[in-house]
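Take a look at the letters that make up each chain.
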Amino acid sequence: MASMLMNPIRSCSVSSSWAVRFDALAVSLIFNYFLSVQTKSKKTLARPGVKNIVLVEGVRTPFLLSGTTYADLMPHDLARAALQGLLKRTGIPKDAVDYIIYGTVIQEVKTSNVAREAALGAGFSDKIPAHTVTMACISSNQAMTSSVGLIAAGQCDAVVAGGVEFMSDVPIRHSRKMRKTMLSLNKAKTLGQRLSLIGSIRLAHLSPELPAVAEFSTAETMGHSADRLAAAFGVSRVEQDEFALRSHTLAKKAQDEGLLQDVISFKVPGRDIVSKDNGIRPSSMDQMAKLKPAFVKPHGTVTAANSSFLTDGASAVLVMSEEKALAMGYKPKAYLRDFVYVSQDPKDQLLLGPTYATPKVLERAGLSMSDIDVFEFHEAFAGQIMANLKAMDSDWFAQTYMGRKSKVGTPAMEKFNLWGGSLSLGHPFGATGCRLATTVANRLKKEGGQYGLIAACAAGGQGHAMVIEAYPQ
Amino acid sequence: MAGVRAVGVLSRLTLRRYNVFTGPSYRSFSVSPAMLARTHVNYEVKGDVAVVRINDPNSKVNTLSIQMQKEMTEVMNEVWENNAINSAVLISSKPGCFIAGADINMIQGCKTPEEVTKLSQEGQKMFEQIEKSPKPIVAAINGSCLGGGLEVGLPSAFDMMLTGRNIRADKAKKMRLVDQLVDPLGPGLKSPEERTIEYLEEVAIECAKGIANKKISLRKEKGTMQKIQDYVMSFPFVRNQIYKTVQGKVMKQSKGLYPAPLKIIECVKTGVEQGPVAGYLAESQNFGQLAKTSESAALIGLYHGQVACKKNRFGTPEREVNTLAILGAGLMGAGIAQVSVDKGVHTILKDTTVEGLARGEQQVYKGLNDKTKKKSITSFERDSILSNLTGQLEYKGFEKADMVIEAVFEDINIKHKVIKEVEAVIPPHCIFASNTSALPIKDIAAASKRPEKVIGMHYFSPVDKMQLLEIITTDKTSKDTTASAVAVGLKQGKVIIVVGDGPGFYTTRCLAPMLAEAVRLLQEGVDPKKLDALTTGFGFPVGLATLADEVGIDVAAHVAEDLGKAFGSRFGGGNVEVLKTMVDLGFKGRKSGKGCYVYQPGTKVRDVNPDIGDILEKYKLTPNPSVSSDSEVQYRLVSRFVNEAVMCLQEGILNNPLEGDIGAVFGLGFPPCLGGPFRFVDSFGADKLVNKMRQYEAVYGNHFAPCQLLLDHAKDSSKKFHK
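Since we're looking at a predicted model, the values are computed, not measured.

Side note on the overall build of chain A
Here is step 1: What chain A contains, in helices and strands, is 17 helices and twelve strands.
Here is step 2: With respect to the principal axes defined by its C-alpha atoms, chain A has extents near 95 × 55 × 45 Å.
Here is step 3: Going through the 473 residues of chain A one by one, you find that 57% of them count as buried.
Here is step 4: For chain A, contacts bridging at least 24 residues in sequence account for 80% of all contacts bridging at least 6.
Here is step 5: About 19500 Å² of surface is accessible on chain A, with carbon and sulfur atoms providing 56% of the total.
Here is step 6: Taken together, the 52 basic and 41 acidic charged side chains of chain A have centroids lying 5 Å from each other.

Below is the structure:
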């Protein structure tokens, strides 16, 4: 219903005449929508000389806790499932795509260009080149914006972007010393050389190297940094637990109401068909309060319950130039408009990406916070989200650290991550970006808004934000 | 090396774990309006927790001054008497400092050992009270917590916290000195420093509440090792063995020249064997005695001197040095580069050969990588520090240099060539500094078009360890040039003395006669090991033979020859040919693998170089038994050093005796327990020293002729270098 209303509103100025055309509708309904849309500027963000680039469709596999149903797969299997889902949902011919880009963070060494392996396995034409990008938790955002770049530059018309993360199996390596010995063994010519090399192996060399979710530059784990960030902004444990509970509750509601339409069903080889995210678990404040801090002990505030969990999942979106999409008979979901990447101190401001990116992208788009109808922020930790909200609401922070005259303000919570977020749906590092974009597009359609904003933080002290505009229906 | 050791000792002694408190009012405590006017210690009640804040308004750090102690006692008494308070948090309002230890000036202010003993005893009482506090006290420590500060934290610390950026905090936790660590915070809604203290206080308050209502247990499980240790320690035999071992180690390290460590063992022993009361008594009495020893005075003097030499008395330079170019990537050049890049100074390291440059860059890398291994910096910090270093073979980029420090070979012709080349490419404001150890700066400046921009910066090897920087000004050097050189040195973390120009300046000039005497001793048949033992036995951190190897026999030969020419027979003694022959044979010291000793990589044991026996045989001298006892040998060496130092003051090379003492201790390893040559003259007695020198003069001639200033002091015993 909302989408039906949006179309005429955008094409004509707001006047009483539009209401007459829908006289069949209940007055109260019209009145509601009238209120909600009247404040908007209603101008499209299209600019002369800049190609309109659209998001045609977006899908994702169900996001599962790592070590559950996907446990025996490989990353490209998940990516393949997402790509097949996209093919199925859009019906696009397998050779009509010009390029495929995938984002991933922890790479399976056997499939380091996971984009290519997945594309081949998904049945795309082997004539379509594919590459893999990595930018921590904004890897698939990077995949999407790279696609936008290719299209804007006139090099491609249709690009598939996506992301995949598979935490059920991560590369665990031999120790450096052991690796060195093994490599030397390859080169050893005589039996004597081999034996002496084998003899040089010590018990300690056998201890493996595990990948850690820690900053390379500071050796601090992300949870620890999030805890310090929450403390720096005075975010209490209760605030964090409340936000986490909100995320799970909203996600559960969205799941139950069937709003998470980007999720495709996936027949896992050797297992059942999976069609739902399995990390959504609304709890109670009392139960959450019982948990001990996970990183800063014993006085920290970040717990397992208010952090995002290790997740397996993949996502994919079809990005096209508007003409091409229309020529192929598609009805795009949304325009992908301005986007920015930011970066700052990886130690003390590791997770403040959204704070830095939001005002910047809004300025680029000529919008203000109140113009945005739909917010989808990546929830790495409840404490991180709350800290970002407080930072965005602080003139002192804006002036002291961002070189701005005043704060940008906070998103209205009634527009914020209404279908759950990374805390509840899960956060497959490389795949979350596409989920955010697709969710904004779907929510704009469902809620009848015009502008959406996605923002995310990423390891390395980086961040990203993008403005998405609803496609006229 | 010498300097490092000295400071280690210095901090051990001046900031010892003894604490001094006094408080005449603490027994007769009463609630009075005067309380409101407290300046050092205040408290605020938050819920049922008293937050006691320490803040010395007159200083950057908190020290245990009389005032501090008095107010602390008042506040603690109020806390104990107030029924609404169940626990307390002790916290400093100063970011980065809890309590830095006892107030040195207060100890100095005491006239007699008894007075210090009394201060100490009152302090002990205070600590005992805190220790036995009926209400739990949490010490929340942010930054340095030394000496008595630690004591305030510790016994009181039923529970205790600490923040800090370095691993020391982790270590303290591992040692169970502290119970909980709080990480420093980044930017938030307030500045990181402000918010970190606030956060620390919040956590401490929660912790105090937890202890008060028994939610947090204070009982620490003893590990199995601890239990075994306790059991073993219950045997007197084992304990005696331990006392003996520790005593032996202390004697080996301190040569018995520092009384304090031995007294500490004594106190611990008394405490363990005869109970805490006797232990505390012994502690306070010993502390009183120690505070008034000459060693204590010497070390306190060095402490004040060091503080003074960390200031720029020439004012702020007109331009900050952001780009520094260093010529020559040798040991010194690379060392200077290392201490500059880690302060964020963009540093160009230029050498003439690829091999030399590679060696130098490797030295810088290794220096920083060693810090990474010790975890004082992360590998990422190492890399980003190294990004400040540009190694090159040509003069590219010198047009942006604010200062050039040359560390090329010690040859006046090469220095002249270099200064001309450099002046052709540097901007007009750029300063040219020479890192020479002996060549007069005015001779080097003779080739300069702009002598007002030429200055000497004499670093000591290894540059990253030795704290001293000797800055040499000529009469043409402008004041701004000096200010800029001092500013750079301070940025590099150096203790700085500024001296006048002349052959050998101050430090090298003092060292040369002593080295000449050392060579004579070798010629007289004293074994290098014996020479080392005699000098370390006198308090030098590094033996003279070892020092010569470290400095380089070639450098020593060079210096001996140059200064011999400049100063004539006073610098005689040993035969320079001994050193020259060693150099000819390739025995250049540690860097060539052989010198007085043979150096083998991988082992610390080193033997005397057997080949120098022949050389010494060739130049053999017959010792005169009347001046060859161990003690006479020591005074022969030291008196020549000291006499030359006093002469430098007499001639105006030195600005004041304080810088002379600092230069000798931090640059040359003059025994820290003696406080430097000038303090040594004061405490030993100028007349006694002159008598000794006259005795040696009778045997060896004018090498031992005391200078006029020393004679003046000998004549009039009221004349002292240090008041």
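Points about the UniProt feature "domain: Thiolase N-terminal" (unreviewed entry) in chain A
Here is step 1: In the numbering used here, UniProt assigns the "domain: Thiolase N-terminal" (unreviewed entry) feature to residues 53–323 of chain A.
Here is step 2: In residues 53–323 of chain A, helix accounts for 36% and strand for 15%; the two terminal C-alpha atoms are 9 Å from one another.

Remarks on the UniProt feature "domain: Thiolase C-terminal" (unreviewed entry) in chain A
Here is step 1: UniProt feature "domain: Thiolase C-terminal" (unreviewed entry): in the numbering of this structure it lies at residues 330–469 of chain A.
Here is step 2: Across residues 330–469 of chain A, the secondary structure splits into 36% helix and 21% strand, with the terminal C-alpha atoms separated by 17 Å.

Brief notes about helix α9 (residues 222–232) of chain A
Here is step 1: Most of α9 of chain A is tucked away, with eleven of its eleven residues classed as buried.
Here is step 2: Every buried residue of α9 of chain A is listed here: Met222, Gly223, His224, Ser225, Ala226, Asp227, Arg228, Leu229, Ala230, Ala231 and Ala232 of chain A.
Here is step 3: Its buried side turned inward, α9 of chain A meets α10 (237–256) and α14 (382–392) of chain A together with α7 (192–212) of chain B.

Let's talk about the interface of chain A and chain B
Here is step 1: Facing 18 residues of chain A, the contacting portion of chain B comprises 19 residues.
Here is step 2: Summed over both sides, the interface of chain A with chain B buries roughly 1600 Å², with 62% coming from carbon and sulfur.
Here is step 3: The interface formed by chain A and chain B includes four residue pairs in polar contact (both at pLDDT 80 or more).
Here is step 4: If you list the elements that add at least two residues to the side of chain A that touches chain B, you get α9 and α15 (395–401) of chain A.
Here is step 5: For the side of chain A that touches chain B, the element with the most residues is α9 of chain A, which contributes five residues.
Here is step 6: Residue classes in the side of chain A that touches chain B are distributed as eight nonpolar, six polar and four charged.

Section: the environment of Gly271 of chain B
All names here are of chain B.
Here is step 1: Mapped onto the elements of the fold, Gly271 is located in helix α10 (residues 259–274).
Here is step 2: With relative accessibility at 22%, the residue Gly271 sits in the partly exposed group.
Here is step 3: A sequence separation of eleven residues divides Gly271 from Ala282, and the C-alpha atoms of the two residues are 8.1 Å apart.
Here is step 4: Not counting chain neighbours up to four residues away, the residues in contact with Gly271 comprise Pro276 and Gly279.

Considerations on the pairing of strand β10 (residues 346–350) of chain B
Residue and element names in this part refer to chain B.
Here is step 1: Within β10, four of the five residues are buried, leaving the element largely enclosed by the surrounding structure.
Here is step 2: Bridge count between strand β9 (residues 323–327) and β10: five bridges; the pairing is parallel. Bridge pairing in β10 places Ile326 opposite Leu349.
Here is step 3: Assessed by its sense of winding, the connection that carries the chain from β9 through helix α13 (residues 331–341) to β10 is right-handed.
Here is step 4: Note: β10 against strand β11 (residues 389–392), four bridges, orientation parallel. Looking across to β11, one finds that Lys350 is bridged to Gln392.

A few points about the UniProt feature "domain: 3-hydroxyacyl-CoA dehydrogenase C-terminal" (unreviewed entry) in chain B
Here is step 1: Here, UniProt's "domain: 3-hydroxyacyl-CoA dehydrogenase C-terminal" (unreviewed entry) annotation points to residues 504–599 of chain B.
Here is step 2: Helix makes up 62% of residues 504–599 of chain B and strand 2%. Its end C-alpha atoms lie 28 Å apart.

Observations regarding the sheet that holds strand β12 (residues 403–406) of chain B
Residues and elements named next belong to chain B.
Here is step 1: Here eight strands make up an open sheet; going across it, the order is β11-β10-β9-β12-β13-β14-β15-β16 and the pairing mixed. Strands at the two margins of the open sheet, each flanked by one partner only, are β11 and β16 (495–500). Sheet twist, expressed as the average angle between the axes of neighbouring strands with direction ignored, equals 25 degrees.
Here is step 2: Bridge analysis of β12 against strand β13 (residues 431–434) gives four bridges, and the strand direction is parallel. Each residue of the ladder has a partner; that of Val404, found in β13, is Phe432.

Some points on the packing of helix α13 (residues 353–365) of chain A against α14 of chain A
All names here are of chain A.
Here is step 1: Contact geometry of α13 with α14 gives a least axis separation of 8 Å together with a crossing angle of 45 degrees. Comparing the axis directions of α13 and α14 gives the class oblique. Of the two elements, α13 crosses α14, and the hand of that crossing is right-handed. Facing α13, whose interface residues are Gly353, Pro354, Thr355 and Thr358, α14 presents Gln384, Asn388, Ala391 and Met392.

Side note on the packing of helix α19 (residues 507–523) of chain B against helix α25 (residues 630–650) of chain B
Residue and element names in this part refer to chain B.
Here is step 1: For the pair α19 and α25, the least separation of the axes is 8 Å and the interaxial angle reads 160 degrees. For the element pair α19 / α25, the angle class is roughly antiparallel. Crossing hand, α19 versus α25: right-handed. Counted together, Arg509, Cys510, Pro513, Met514, Ala516, Glu517, Ala518, Arg520 and Leu521 of α19 and Val633, Arg636, Leu637, Arg640, Phe641, Glu644, Ala645, Met647 and Cys648 of α25 form the full contact between these two elements.
Here is step 2: Across the contact of α19 with α25, the residue classes break down as twelve nonpolar, no polar and six charged.

Details of the pairing of β13 of chain B
All names here are of chain B.
Here is step 1: Taking every second residue as pointing to the same face, both faces of β13 are buried, with Ile431 and Ala433 on one and Phe432 and Ser434 on the other.
Here is step 2: As judged from the three bridges shared by β13 and strand β14 (residues 454–459), these two strands associate in the parallel manner. Bridge pairing in β14 places Ser434 opposite Gly456.

As for the nonpolar core
Here is step 1: Counting 101 residues, the largest nonpolar core has Val404, Tyr506, Leu531, Phe670, Phe680 and Leu710 of chain B as its most contacted members.
Here is step 2: For this core, the element with the most residues is α25 of chain B, which contributes eleven residues.
Here is step 3: Core analysis: the second largest hydrophobic core is formed by 66 residues, Ala357, Ile385 and Met386 of chain A together with Ala204 of chain B among them.

Rules used in this analysis
Residues numbered from 1 in each chain as written. Chains lettered and ligands numbered in written order. Predicted model: local features only at pLDDT ≥ 70, side-chain atom pairs only at ≥ 80, totals over all residues. Heavy atoms only, no water. Helix = DSSP H or I, 4+ residues; strand = E, 2+ residues; numbered from the N terminus. Buried < 20%, exposed > 50% of the residue type's maximum accessible area, 1.4 Å probe, protein only. Contact = heavy atoms within 4.5 Å. Areas by Shrake-Rupley, 256 points an atom, 1.4 Å probe, with all protein chains shown as cover. Lys, Arg positive; Asp, Glu negative; His and termini not counted. Charge placed at Lys NZ, Arg CZ, Asp CG, Glu CD. UniProt positions renumbered as here; feature names shortened; annotations may be inferred. Buried area = accessible area lost by both parts, 1.4 Å probe. Polar contact = N/O pair within 3.5 Å; in protein donor to acceptor, adjacent residues only side chain to side chain. Nonpolar A, V, L, I, M, F, W, Y, C, P; charged D, E, K, R; others polar. Pairing = 2+ DSSP bridges. Right-handed = clockwise from strand over helix to strand, strands pointing away. Axes fitted to C-alpha atoms, helices over the stretch in contact; angles between N-to-C directions. Parallel < 35°, antiparallel > 145°, perpendicular 65-115°, else oblique. Left-handed = near helix turned anticlockwise from the far one by under 90°. Core = buried A, V, L, I, M, F, W, Y, C linked by side-chain atoms within 4.5 Å.

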